[in-house]
Amino acid sequence: MVHWVDAHGEGIGVRRRYERANRWQLFTVRQPGRNLARAAPGRPRALYSVGQAVEITGALDVPAFEAALRRTVEETETLGVRFAEDAVGGVRVVPQAAQRWSLRVEEPDEDGGDRRAWVENRMCEELVGVEDPLGGQLFSFLLFRLDSHRYCWFQGYNHLLLDGYSCTLMTRRVAEVYSALVGGGAYPESQCVSLAETLDEDARYRNSAEFADD
């Protein structure tokens, strides 16, 4: 599923859809092998990925936007997580540096077609591309140039890395860093929870009465 959010250029202001605790989300630790089987090729697609589309109206400094996005990805340790099956069919987390990626800029063909439909089709294709939890591509970024002052930024993730609310946190942080870069100011420190803290929190939950009740 792709969530749409409106924004404006010149220090992108984001219209928020979600209000929850300000924490990045990560689905971690050992999962039964059947979870991977459900996401295997041949099963219904784009069910294990999440995305957000941000419509940006106004002037956009694309190099500064990419710099803000790269900074945000570097701060988000969960985007460096990979998954591997163990000998008994469980899934283990393999922390590593974030994969190499690019911010691809695409434009719809000038054929008078439905541009929004074209953009949505491309986003669905990208969501399918990050479905496989054992694959090398677990997140994707696209910037669609709709005209000289209108863009659509798409971010898509395997759901094991981020959830829908986390997409909104990513959007807020990119907007915050971008606004500072184009304005010549300093951006505040990231509030992103580290991978170690996330794993510790997960371990505490699994040893709690709450987990037994769940």
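Our structure is the block above this text.
Residues numbered from 1 in each chain as written. Predicted model: local features only at pLDDT ≥ 70, side-chain atom pairs only at ≥ 80, totals over all residues. Heavy atoms only, no water.

1. A short note on the overall build of the chain
Phase 1 of the analysis: Helix and strand counts for the chain come out as six helices and eight strands.
Phase 2 of the analysis: Helices (α) and strands (β) of the chain occur, in sequence order from the N terminus, as β-β-α-β-α-β-β-β-α-β-β-α-α-α.
Phase 3 of the analysis: With 214 residues in all, the chain has 44% of them scored as buried.
Phase 4 of the analysis: Within the chain, contacts between residues at least 6 apart in sequence are counted, and of these 73% link residues at least 24 apart.
Phase 5 of the analysis: Accessible area for the chain stands at about 11,100 Å²; split by element, carbon and sulfur atoms hold 49% of it. (Helix = DSSP H or I, 4+ residues; strand = E, 2+ residues; numbered from the N terminus. Buried < 20%, exposed > 50% of the residue type's maximum accessible area, 1.4 Å probe, protein only. Contact = heavy atoms within 4.5 Å. Areas by Shrake-Rupley, 256 points an atom, 1.4 Å probe, with all protein chains shown as cover.)

2. Section: the nonpolar core
Phase 1 of the analysis: Grouped together as the largest cluster of nonpolar side chains are 31 residues, with contacts concentrated most on Phe65, Phe141, Trp153 and Tyr157.
Phase 2 of the analysis: Listed by contribution, the elements that provide at least two residues to this core are strand S3 (49–57), helix H2 (62–75), strand S4 (81–85), strand S7 (139–147), strand S8 (150–158) and helix H4 (164–183).
Phase 3 of the analysis: A per-element tally of this core places H2 first, with six residues.
Phase 4 of the analysis: Among residues more than four places away in sequence, those in contact with Tyr157 are Tyr48, Ser49, Val50, Leu79, Val130, Leu138, Phe139, Phe141, Leu162, Cys167 and Met170.
Phase 5 of the analysis: Counting nine residues, the second-largest nonpolar core is a separate cluster that includes Ala53, Val119, Cys152 and Phe154. (Core = buried A, V, L, I, M, F, W, Y, C linked by side-chain atoms within 4.5 Å.)

3. Side note on the environment of Ala84
Phase 1 of the analysis: Mapped onto the elements of the fold, Ala84 is located in strand S4.
Phase 2 of the analysis: On the basis of relative accessibility, which here comes to 18%, the residue Ala84 falls in the buried class.
Phase 3 of the analysis: Expressed as a C-alpha distance, the spacing of Ala84 and Pro133, which sit 49 residues apart in the sequence, is 8.3 Å.

4. Digging into the environment of Val105
Phase 1 of the analysis: Looking at the secondary structure, you find Val105 in strand S6 (residues 104–106).
Phase 2 of the analysis: Residues Val105 and Tyr151 lie 46 residues apart in sequence; the distance between their C-alpha atoms is 9.7 Å.
Phase 3 of the analysis: For Val105, the residues in contact, after removing those within four places along its chain, are Val62, Leu143 and Arg145.

5. Structural notes on the environment of Ser102
Phase 1 of the analysis: When you line up the elements, Ser102 lands in the loop between strand S5 (91–95) and S6.
Phase 2 of the analysis: With relative accessibility at 39%, the residue Ser102 sits in the partly exposed group.
Phase 3 of the analysis: When the C-alpha positions of Ser102 and Ser140 are compared, they lie 8.3 Å apart, and in sequence the two are 38 residues distant.
Phase 4 of the analysis: Excluding anything up to four places from it in sequence, Ser102 contacts Arg70 and Phe141.

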